[in-house]
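Chain by chain, the residues run as shown.
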Amino acid sequence: MIFPTLEFFLFFSFVFVTHWYILPALIPEPKLRKSLIHIFLLIVSYIFYMSWNWKFGGLILLSTVIDFFLADLIFESKNQVFRKRMIVISLVLNLVFILGFFKYYGFLSENLNALLHTLGFQSLFPVLKIVLPVGISFYTFQSLSYTIDVYRGAIPSEKNFIRFALFVSFFPQLVAGPIVTAKSFLPQLQTEKKIEDIPFRKAIRYFLMGYFKKVVLSDNISPIADLIFKNPDVYSTEALWLGAFLFWVQVYCDFSGYTDMAYSAALLLGYELPENFRMPYISQSVTEHWRRWHITLSTWLRDYVYISLGGNRVGLFRHRFNVWFTMFVGGIWHGANWTFLIWGSIQGGFLLIESVLKEWKAKWFPNLTISDSWDKVLTPVRVLYASTVAVTFGVIFRSANIESALKMIHGMYVYQSGELRPYMLKQGIPAILCVIIGHYLGWLIYEKGKEFKIPVWLEFSLYPLIAFCFAILSPDGEIPFIYFDF
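Residues numbered from 1 in each chain as written. Predicted model: local features only at pLDDT ≥ 70, side-chain atom pairs only at ≥ 80, totals over all residues. Heavy atoms only, no water.

### Examining the overall build of the protein chain
For step 1, the next point in the chain: A tally of regular secondary structure across the protein chain gives 17 helices and 0 strands.
For step 2, the next point in the chain: Relative to the 2.2 N^0.38 estimate, which gives 23 Å for 486 residues, the radius of gyration of the protein chain is 24 Å and therefore close to what a compact globule would have.
For step 3, the next point in the chain: With 486 residues in all, the protein chain has 49% of them scored as buried.
For step 4, the next point in the chain: Once local pairs closer than 6 in sequence are excluded, the contacts in the protein chain between residues at least 24 apart make up 76%.
For step 5, the next point in the chain: Surface summary for the protein chain: the accessible area is close to 24,200 Å², and the carbon and sulfur share equals 69%.
For step 6, the next point in the chain: Averaging the positions of the 41 positive and the 33 negative side-chain charges in the protein chain gives two centres separated by 7 Å. (Helix = DSSP H or I, 4+ residues; strand = E, 2+ residues; numbered from the N terminus. Rg over C-alpha atoms; globule rule 2.2 N^0.38 Å. Buried < 20%, exposed > 50% of the residue type's maximum accessible area, 1.4 Å probe, protein only. Contact = heavy atoms within 4.5 Å. Areas by Shrake-Rupley, 256 points an atom, 1.4 Å probe, with all protein chains shown as cover. Lys, Arg positive; Asp, Glu negative; His and termini not counted. Charge placed at Lys NZ, Arg CZ, Asp CG, Glu CD.)

### Considering the side chain of His334
For step 1, the next point in the chain: Here His334 shows up in helix H12 (residues 316–334).
For step 2, the next point in the chain: There is a polar contact of 2.7 Å between the side chain of His334 and the backbone oxygen of Gly330. (Polar contact = N/O pair within 3.5 Å; in protein donor to acceptor, adjacent residues only side chain to side chain.)

### With respect to the pattern of salt bridges
For step 1, the next point in the chain: Across all of its chains, the model carries 20 salt bridges by this definition.
For step 2, the next point in the chain: A salt bridge links Asp226 to Arg398, with the shortest nitrogen-to-oxygen separation between them at 2.7 Å. Residue Asp226 is located in helix H8 (residues 200–230), and its partner Arg398 is located in helix H14 (residues 372–398); the two are separated by 172 residues in the primary sequence.
For step 3, the next point in the chain: Asp226 sits in the partly exposed class, given a relative accessible area of 34%.
For step 4, the next point in the chain: Overall, the relative accessible area of 24% leaves Arg398 in the partly exposed class.
For step 5, the next point in the chain: Several salt bridges share partner residues, and in doing so they unite Glu275, Arg278, Glu288, Arg292 and Glu447 into one network. (Salt bridge = Lys/Arg side-chain N within 4 Å of Asp/Glu carboxyl O.)

### A short note on empty space enclosed by the protein
For step 1, the next point in the chain: Following the criterion strictly, the structure yields 1 cavity of 30 Å³ or more and no others.
For step 2, the next point in the chain: Put simply, the largest cavity is a space of about 220 Å³.
For step 3, the next point in the chain: Lining of the largest cavity is provided by 19 residues; of these, His289, Trp293, Trp343, Ala390 and Gly394 occupy positions nearest its centre.
For step 4, the next point in the chain: Elements with a contribution of two residues or more to the lining of the largest cavity: helix H9 (237–268), helix H10 (286–292), helix H13 (338–364) and H14.
For step 5, the next point in the chain: Tallying contributions element by element places H14 first for the lining of the largest cavity, with 6 residues. (1 Å grid on protein atoms, 1.4 Å probe; cavity = no way out; pocket = protein on both sides within 12 Å on 5 of 7 lines; lining within 4 Å. Points joined across faces, edges and corners; volume = space filled by probe spheres on them.)

### Section: the packing of H14 against helix H15 (residues 402–413)
For step 1, the next point in the chain: Orientation of H14 relative to H15, taken along the N-to-C sense of each, is 140 degrees, at an axis distance of 7 Å. With respect to their mutual orientation, H14 and H15 come out oblique. Along its contact with H14, which presents Thr388, Thr392, Val395 and Ile396, the element H15 presents Ile402, Ala405, Met408, Ile409, Met412 and Tyr413.
For step 2, the next point in the chain: Tallied by class, residues from the contact of H14 with H15 come to 8 nonpolar, 2 polar and no charged. (Axes fitted to C-alpha atoms, helices over the stretch in contact; angles between N-to-C directions. Parallel < 35°, antiparallel > 145°, perpendicular 65-115°, else oblique. Nonpolar A, V, L, I, M, F, W, Y, C, P; charged D, E, K, R; others polar.)

### A look at the side chain of Ser222
For step 1, the next point in the chain: Position of Ser222 relative to the elements: it lies in helix H8.
For step 2, the next point in the chain: Those residues in contact with Ser222 that lie beyond four places of it in its chain are Gln250 and Ile479.

### Things to note about the confidence of the model for the protein chain
Regions with low pLDDT should not have their predicted coordinates read in detail.
For step 1, the next point in the chain: Per-residue confidence for the protein chain gives a mean pLDDT of 90; residues scoring 70 or more make up 99%.
For step 2, the next point in the chain: Here helix H17 (residues 456–473) stands out as the least confident element of the protein chain, with mean pLDDT 89; helix H6 (residues 161–169) is the most confident, with 95. (pLDDT = per-residue confidence, 0-100.)

### Some thoughts on a nonpolar patch on the surface
For step 1, the next point in the chain: A surface patch of nonpolar side chains, amounting to about 1,100 Å² of accessible area, comprises Leu420, Leu425, Ile429, Leu433, Ile436, Ile437, Tyr440, Leu441, Trp443, Ile445, Tyr446 and Phe452.
For step 2, the next point in the chain: Take Ile429: it is sitting in helix H16 (residues 422–447).
For step 3, the next point in the chain: On the basis of relative accessibility, which here comes to 40%, the residue Ile429 falls in the partly exposed class. (Patch = residues over 30% accessible without salt bridge, like charges linked within 9 Å, V, L, I, M, F, W, Y side chains within 5 Å.)

### Describing H6
For step 1, the next point in the chain: Burial runs high along H6: 7 of the 9 residues are buried.
For step 2, the next point in the chain: By the burial criterion, the buried members of H6 are Arg163, Phe164, Ala165, Leu166, Phe167, Val168 and Ser169.
For step 3, the next point in the chain: Looking at the buried side of H6, the elements it contacts are helix H2 (30–50), helix H3 (57–76), helix H5 (136–152) and helix H7 (182–190).
For step 4, the next point in the chain: One side-chain oxygen of the residue at the start of H6 lies 2.9 Å from the amide nitrogen of Ile162, identifying that residue as Asn160.

### Some points on the environment of Tyr139
For step 1, the next point in the chain: Here Tyr139 shows up in helix H5.
For step 2, the next point in the chain: Judged by its relative accessible area of 1%, Tyr139 falls in the buried class.
For step 3, the next point in the chain: If we ignore the near neighbours within four places in the chain, the residues touching Tyr139 are Tyr49, Leu59, Ile60, Ser63, Pro133, Val134, Val168 and Leu174.

### Let's talk about H5
For step 1, the next point in the chain: Between its first and last C-alpha, H5 extends 24 Å over 17 residues, near the 24 Å set by a 1.5 Å rise per residue.
For step 2, the next point in the chain: Just beyond H5, the residue with positive phi is Gly153, at close to 85 degrees. (Expected span 1.5 Å × (residues − 1).)

### Things to note about the layout of surface pockets
For step 1, the next point in the chain: Taken as a whole, the largest pocket encloses approximately 1,600 Å³ of empty space.
For step 2, the next point in the chain: What lines the largest pocket is a set of 39 residues, among which Arg205, Met209, Leu441, Ile445 and Tyr446 lie closest to the centre.
For step 3, the next point in the chain: If you tally residues by element for the lining of the largest pocket, the top one is H16, at 9 residues.
For step 4, the next point in the chain: In this structure, the second largest pocket occupies an estimated 1,100 Å³ of space.

### Quick look at the state of the cysteines
For step 1, the next point in the chain: For the structure shown, the criterion picks out 0 disulfides.
For step 2, the next point in the chain: The thiol of Cys434 is not disulfide-bonded; the next cysteine sulfur, from Cys253, is found 8.2 Å away. (Disulfide = S-S within 2.5 Å.)

### Focus: the packing of aromatic side chains
For step 1, the next point in the chain: Enumeration over the complete set of coordinates arrives at 62 aromatic pairs.
For step 2, the next point in the chain: In this structure, Lys103 is placed above the aromatic ring of Trp333, and the distance from its NZ or CZ to the ring centre is 5.3 Å.
For step 3, the next point in the chain: Here Lys193 stacks its cationic end above the ring of Tyr271, 4.5 Å away from the centre of that ring. (Phe/Tyr/Trp six-rings, centres within 6.5 Å; stacked < 30°, edge-to-face > 60°. Lys NZ or Arg CZ within 6 Å of the ring centre and 35° of its normal.)

So this is what it looks like as C-alpha cells:
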C-alpha cells in the first residue's frame, strides 16, 4: 500500500472519518476518546505496515517491546552500572539482532565466506535468503533514539505502552521517514485534537506537491535512469551525465515526495512531522547539503553518533575522525553494499576536508571577509561545487556495484561515444528544469520570506484541474518508493 494509489486513498478516508467523526460521536468523554483514538491509530498503523508482509508486524512489535521495557528500567534505576548495561542491551538487540541480521547478515556472510575461500578455508557462514522488512532502518533508529534519550535524562520513560507503540509505528512516516524522535512526537499524543485546528489548505498543498514530485517527475524519469545505469558502456558521455542528473532528480523527488505526503497525512490527523528536506540543491557546500537533505537522518547521526563519540569536545584528530565516521555510518545505514560504504566514506571525506578548511580559516585568516559583490559571484560556483559532488558520487550510490559505478564516472569525465535517444532528452530535461525552478521558488518562499497569496475559492476551484493534469501525466505502472529498501 503506497501513498499515490486508490487503495491508500480508501484506507486513509476510512481512518480520517473514523478518527474525526465516528469515534467522537460514539465516545463523548474526552479522556476515554483520546485513548481509544490512540488504540485505533495503532491498529490501522499495523494494518498499513503488514499490508506488505504480515509476518513483519511481529518484528516491529518486538522492537517496540524491547525499548519500552528497557527504557523504563533505565529511567527507574539510580544505579549507573545497571543503566549502562540496559542501554548496551538495547543497542545490541536493535543494531545487531534486529537491524544487523535482517539488513546486513547476507552482505557480511557473503564477504566473509569469500575471504575464507581466498585464504584456503571452507565457507563457514550459511547463506540465508532473508527478506528485508520495509522501513526497518527508520523504525529501529526511531525506537532506539527514545531509549538513548531516556538514558541521557532528556525525557522520562513513557508509561503508556499504547502511546509508545503508536510513536514507533505511526503509519504516515513508518516505512520511509522522516525519522521522528520521542521528544517531538510523544508530547503531541498528550494534547486534545480538534478538527477545527487542522490547516487543510497546507495539508492538501503538501500532498499535491508530494504527488507531483513522486509520480509525475520521479516515476516518469526512473525508467530512463535505470536504462542508462544498467549499461553505461553503450551510452555517450552526454547520456551518462543526463542519467546522473536524472537520478539526482529521481532520488530527491521520490524521497521528498514521500515526506511531503507523509507530512500531509499526519497533519490531517492532527500531528506534525519534522522537516526532512529544505531545497538541498541550492547548498553551497557538502556540509550544507547534509543540513538540507534527509534532515532527520543527519540530525539523528549528529545527536546519537557524533555527540556520543565526543563531538568536538575531544582532541583534534579524534574530532576529525568523528566527523568522517558519522557520515560513514550514514552510508552504511543506507544499505548492505560496498557502494554505500564507499559513498559514505567519500561524503565523510568531504565533510572532513570542509571542517579542516573552516578551522584553518578561523585560525590563520580570522579577519578575512568577502565583499557582497564577490560573494554574489562566488555563490554560483559554490552551488556548482556542491551539486557536482552530489551528482558525481550519487552515481556510486545508485550503481549496482563498484565496477559499474567506475565505468559510468569514467565515461562522464573521459569522453566516449554512444547512444543518446531523443526521448531521454524530451522527458529528462523538463524534469531537471522543474527541480531547478522548484528550488528557486522554495528559496524565495522559505529563505527570503516572499508570499504568494491565492484566494481560497480560486485555489479549491483549481484542484479538479490539477487532479486531471496529474492523471494525464502519471505513468501507468506503480513504482515503489526508493527508500522502502532502506
